[in-house]
Amino acid sequence: MAIKQAYYEELLAEYSDHLGAIALLKEFRPYLEMIPSMRRPDESVITIPLPLVRVRTVQTTSTLVGAAATNSTEAIPLPCEVAVLMCDPEWKIKTGSDILIFIHRPNEDFSEFLSRWRQTQVLLNKGYEWVMPDRYQHILSEGAEETHPLFVVFPETPERIRRGLRGAGLPFVTQVVYPEDEFPVMPNPLAPEILGTED
């Protein structure tokens, strides 16, 4: 059975909130243990859906007296769904580990799924900083010392993708989705009916 776009969108929306992201991390304990404070989750976990990073680039130009190097930054979208950044709730600073969530997309095969993580590794190898949401602009957004992937698959995901992720030594969790539009709201049998009046 093919993965529906609604399934993908449902999980993207769910993990965009820090509580949804924490619920996902509970499925993979090593990552859950990276959260600085479970008593203050709203100050310990920052989620950035469809994240952007500013990648540092060095441009060399030739001059009459030699070569000159200039540094510049370029905002680039990462090919993951959600970045989960850890933040010390006391000091209001980012800690050394970031988790990147990759959700299996409709019609995406193993090579494409894995390539998104490989492309991310290449981009983040250049020195970067996160483009932070407005409410977190005050937090230093330098790149992490360690970046960890977490892959999310569905029961409908082909077995070869799970086998490939296991072979590559990459963590994944299987999530079942029940989109709201597949379960219409039934009328409450205990609620009084609204009857029209006749003229």
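In short, a report on the structure.

Cut-offs and rules
Within each chain, residues carry numbers counting from 1 in the order of the written sequence. This being a predicted model, a pLDDT of at least 70 is required before a residue's local features are given, and a value of 80 or more before pairs of side-chain atoms are given or counted; all residues contribute to the totals for chains, interfaces and linings. Heavy atoms throughout the structure, all of them, feed into the side-chain values; hydrogens and water do not. Stacked, edge-to-face and tilted are the three classes for Phe, Tyr and Trp ring pairs, Trp counted by its six-membered ring, which pair at centre distances within 6.5 Å; planes under 30 degrees apart are stacked, over 60 edge-to-face, the rest tilted. Working definition: helices are DSSP H or I runs of at least four residues, strands are E runs of at least two. Numbering for both runs from the N terminus. Using a 1.4 Å probe on the protein chains alone, a residue whose accessible area is under 20% of its type maximum counts as buried, one over 50% counts as exposed, and one in between counts as partly exposed. What the arc measures is the spread of directions leading from the helix axis to the C-beta atoms. The contact rule is simple, with two residues in contact once any of their heavy atoms fall within 4.5 Å. Under this definition, polar contacts are N or O atom pairs within 3.5 Å; protein pairs additionally need one hydrogen-donor-capable and one acceptor-capable atom, and for neighbouring residues in sequence, both atoms have to be side-chain atoms. We treat two strands as partners when DSSP finds at least two bridges between them. With axes taken as lines fitted to C-alpha atoms, and helix axes fitted only over the stretch in contact, angles between N-to-C directions fall between 0 and 180 degrees.

## Side note on the packing of aromatic side chains
Across all of its chains, the model carries six aromatic pairs by this definition. Taking the centre distance of 6.0 Å and the plane angle of 80 degrees together, the rings of phenylalanine 102 and tryptophan 117 count as edge-to-face. Within this pair, whereas phenylalanine 102 is found in strand E5 (residues 93-103), its partner tryptophan 117 is found in helix H5 (residues 110-124), the two being separated by 15 residues in sequence. In this pair, the class of phenylalanine 102 matches that of tryptophan 117, namely buried. Taken together through their ring pairs, the aromatic side chains of Phe102, Phe113, Trp117 and Phe151 make up a single cluster.

## A few points about helix H6 (residues 159-167)
Within the sequence span of H6, burial applies to Ile161, Arg162, Gly164 and Leu165. Mapping the buried residues of H6 onto a view down its axis gives an arc of 160 degrees, with all of them on the same face. Exposed residues pointing more than 90 degrees away from the buried face of H6 are listed as Arg163 and Gly167. Looking at the packing, one finds that the buried side of H6 touches H5, strand E7 (146-153) and strand E8 (172-174). Downstream of H6 by a residue or two, glycine 169 has a phi angle that is positive, lying close to 70 degrees.

## Here we look at the side chain of glutamine 175
Inspection of the secondary structure puts glutamine 175 in the segment after E8. You can call glutamine 175 buried: its relative accessible area is 15%. One polar contact links glutamine 175 to tyrosine 15, side chain to side chain, over a distance of 2.9 Å. For glutamine 175, the contacting residues outside a window of four places in its chain are Leu11, Tyr15, Leu24, Glu27, Val152, Val153, Phe154 and Pro155.

## Describing the sheet that holds strand E4 (residues 82-88)
Strand order in the open sheet made by the five strands is E1-E4-E5-E7-E8, with mixed pairing throughout. The open sheet has two edge strands, strand E1 (45-49) and E8, and neither has a second partner. This sheet shows a mean twist of 25 degrees between the axes of neighbouring strands, independent of strand direction. Taken strand by strand, helix H2 (residues 18-25) contacts E1, E4, E5, E7 and E8, and its axis lies near 105 degrees from that of E1. Contacts between H5 and the sheet are confined to E5 and E7, with E5 contributing the most and set at about 155 degrees to the helix.

## Some thoughts on helix H1 (residues 5-15)
All buried positions along H1 are accounted for by Tyr7, Tyr8, Leu11, Leu12 and Tyr15. Each buried residue of H1 lies within a common arc of 130 degrees when the element is viewed along its axis, so the set occupies one face. Next to the buried residues of H1 lie H2, E1, E4, E5 and E7.

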